[in-house]
Amino acid sequence: MAKPGRIAVLERIQDLREQHAIDLAIMNAENLAGGFSVTPQLCEQLFSHGIDVMTSGNHIFDKKEAIDYIRKQPRLLRPANYPPNTPGSGCWVGQVNGTHVAVMNVMGRVFMPPSDDPFRVIDTVIDSLSDNVTVRIVDVHAEATSEKVAMGWHLDGRVSAVCGTHTHVQTADERILPGGTAYLTDLGMTGSYAGVIGMDKADVIARFTSVTARRAEHSNGQVRICAALLDIDDATGRAMSIERLSLSHE
Ligand SMILES: [Fe+2]
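Figured I'd write up the structure that's included with this text. Going along each chain's sequence as written, the residues are numbered from 1 onward. The model is predicted, so local features are restricted to residues of pLDDT at least 70 and side-chain atom pairs to those at 80 or more, both for listing and for counting; the totals for chains, interfaces and linings are taken over all residues. Only hydrogens and water are set aside when side-chain values are computed; all heavy atoms of the structure are taken into account.

### Observations concerning the pairing of strand 5 (residues 133–141)
Right, on to step 1. Exposure classes here rest on a 1.4 Å probe applied to the protein chains alone. A residue is buried below 20% of its type maximum, exposed above 50%, and partly exposed in between. Helix and strand assignments come from DSSP, with helices taken as H or I runs of at least 4 residues and strands as E runs of at least 2, each series counted from the N terminus. The buried count for strand 5 comes to nine of nine residues, which makes it a mostly enclosed element.
Right, on to step 2. Relative to strand 5, strand 4 (residues 99–107) runs parallel, the two being bridged by eight bridges. Across the sheet, the residue bridging to Ala 102 is Arg 136, located in strand 5.
Right, on to step 3. Once the chain exits strand 4 it traverses helix 4 (residues 118–127) before rejoining the sheet at strand 5, and the crossover so formed is right-handed.
Right, on to step 4. Two strands are said to pair when DSSP picks up at least two bridges between them. Sheet topology note: the strand 5/strand 6 (residues 161–165) ladder contains five bridges and is parallel. What sits directly across from Ile 137, in strand 6, is Ala 161.
Right, on to step 5. For the crossover from strand 5 across helix 5 (residues 145–155) to strand 6, the handedness is right-handed. Handedness is read with the strands pointing away from the viewer; a crossover is right-handed when the path from the first strand over the helix to the second is clockwise.

### Overview of the coordination of the iron ion
Note on metal geometry: ideal angles are 109.5 degrees for four donors arranged tetrahedrally and 90 or 180 degrees for six donors arranged octahedrally.
Right, on to step 1. Metal-coordinating donors are taken as N, O and S atoms lying within 2.8 Å of the metal, or within 3.2 Å when the metal is Na, K or Ca; because water is left out, some sites can appear incomplete. Taken together, the protein ligands of the iron ion are Glu 30 (OE), Asn 58 (OD1), His 141 (NE2) and His 166 (ND1), with distances of 2.0 to 2.2 Å.
Right, on to step 2. Irregular is the label for any site that misses the other tests, which are tetrahedral for four donors with all angles between 85 and 135 degrees, and square planar for four donors or octahedral for six when opposite donors exceed 155 degrees and the remaining angles lie between 65 and 115. Relative to the metal, the four donor atoms surrounding the iron ion lie at angles of 85 to 153 degrees, and the coordination shape comes out irregular.
Right, on to step 3. In primary sequence terms, the donor set of the iron ion follows E-x27-N-x82-H-x24-H. Of the two residues, His 141 sits in strand 5 while His 166 sits in the loop between strand 6 and strand 7 (175–176), which places them 25 residues apart along the sequence. As far as the burial class goes, His 141 and His 166 line up, both buried.

### A word on the sheet that holds strand 10 (residues 223–232)
Sheet strands pair by backbone hydrogen bonding; their relative direction is either parallel or antiparallel.
Right, on to step 1. Taken together, the three strands give an open sheet; going across it, the order is 9-10-11, and neighbouring strands pair in antiparallel fashion. Because the sheet does not close on itself, it has two edges, and the strands there are strand 9 (191–192) and strand 11 (239–248).
Right, on to step 2. Inspection of the sheet shows strand 9 paired to strand 10 by two bridges, in the antiparallel sense. Bridge assignment links Gly 191 to a residue of strand 10, and that residue is Arg 224.
Right, on to step 3. Sitting on the sheet, helix 1 (residues 2–19) is in contact with strand 9, strand 10 and strand 11, with an inclination near 40 degrees to strand 10. Should any heavy atoms of two residues lie within 4.5 Å, those residues are counted as being in contact. Lines are fitted to the C-alpha atoms to define the axes, a helix being fitted only along its stretch in contact, and any angle between axes, read from their N-to-C directions, falls within 0 to 180 degrees.

### Focus: the side chain of Thr 165
Right, on to step 1. Topologically, Thr 165 is positioned in strand 6.
Right, on to step 2. In terms of polar contacts, Thr 165 uses its side chain to reach the side chain of Asp 139, at 2.7 Å. N or O atoms within 3.5 Å of each other form a polar contact, as long as, within protein, one can give a hydrogen and the other can take it, and as long as residues adjacent in sequence are counted only when both atoms are side-chain atoms.

### A word on the sheet that holds strand 7
Right, on to step 1. A sheet is described by the order of its strands in space; here six strands give the open sequence 3-4-5-6-8-7, paired in mixed fashion. Each of the sheet's edge strands pairs with one partner strand only, and the pair in question is strand 3 (91–96) and strand 7.
Right, on to step 2. The pairing of strand 3 with strand 4 spans six bridges and is classified as antiparallel. Pairing of Trp 92 across the sheet is with Val 103, part of strand 4.
Right, on to step 3. Its contacts with the sheet place helix 4 against strand 3, strand 4 and strand 5, and it is angled at close to 160 degrees to strand 4.
Right, on to step 4. Lying over the sheet, helix 5 contacts strand 4, strand 5, strand 6, strand 7 and strand 8 (182–184), oriented at roughly 165 degrees with respect to strand 6.

The following block contains the structure:
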């Protein structure tokens, strides 16, 4: 989320990779640039500092430069359930230390902008994967906990992990579902916790109490890194463990 989150990732990602022996680092980037969308420069900076794949969500095309960039950068995803002619892809497939990996991104429909049915669309995306793609990770970008929990059950046993994003508030419900899918309703935000989900608190309160308030700026201070560590058996694709991270970065 915005500059505070970006700086925290840039400063800590290499240490975290070493400390936890991370093979693949995925981040949701939809709030990267000032809280809305991405710029090519900021994405490339993060890719060169240790981020491997970026997912996104409803804000991904808030900046026009994201449209051209996403056509050329397969490591930046947009929701798979956007209209079929939308630039970019909702799925990245690649190799990590010889293991075939897919990262997928879908967006919920409850209290969210219009999009196609994420349940049906993710089924199509999964069906398109070859059997040798054992490790399969889904970012479900959605507001409603029920929609994300439903997606976890819908995909249990078919993917390695379903992790939620969009609310910016980390949930404490991490678990391995019976079919072997790691699940967490929301990963939480990496950014400033001095405001309201990353935005300046006075600006947001003004927007809730006035019809003429200006657009909110991002907040600063009380920076935390929120994430989850997934340990996945690369032969079977089953999740072995999921551990939440919520680290102060002052
Ligand atoms: Fe979002």
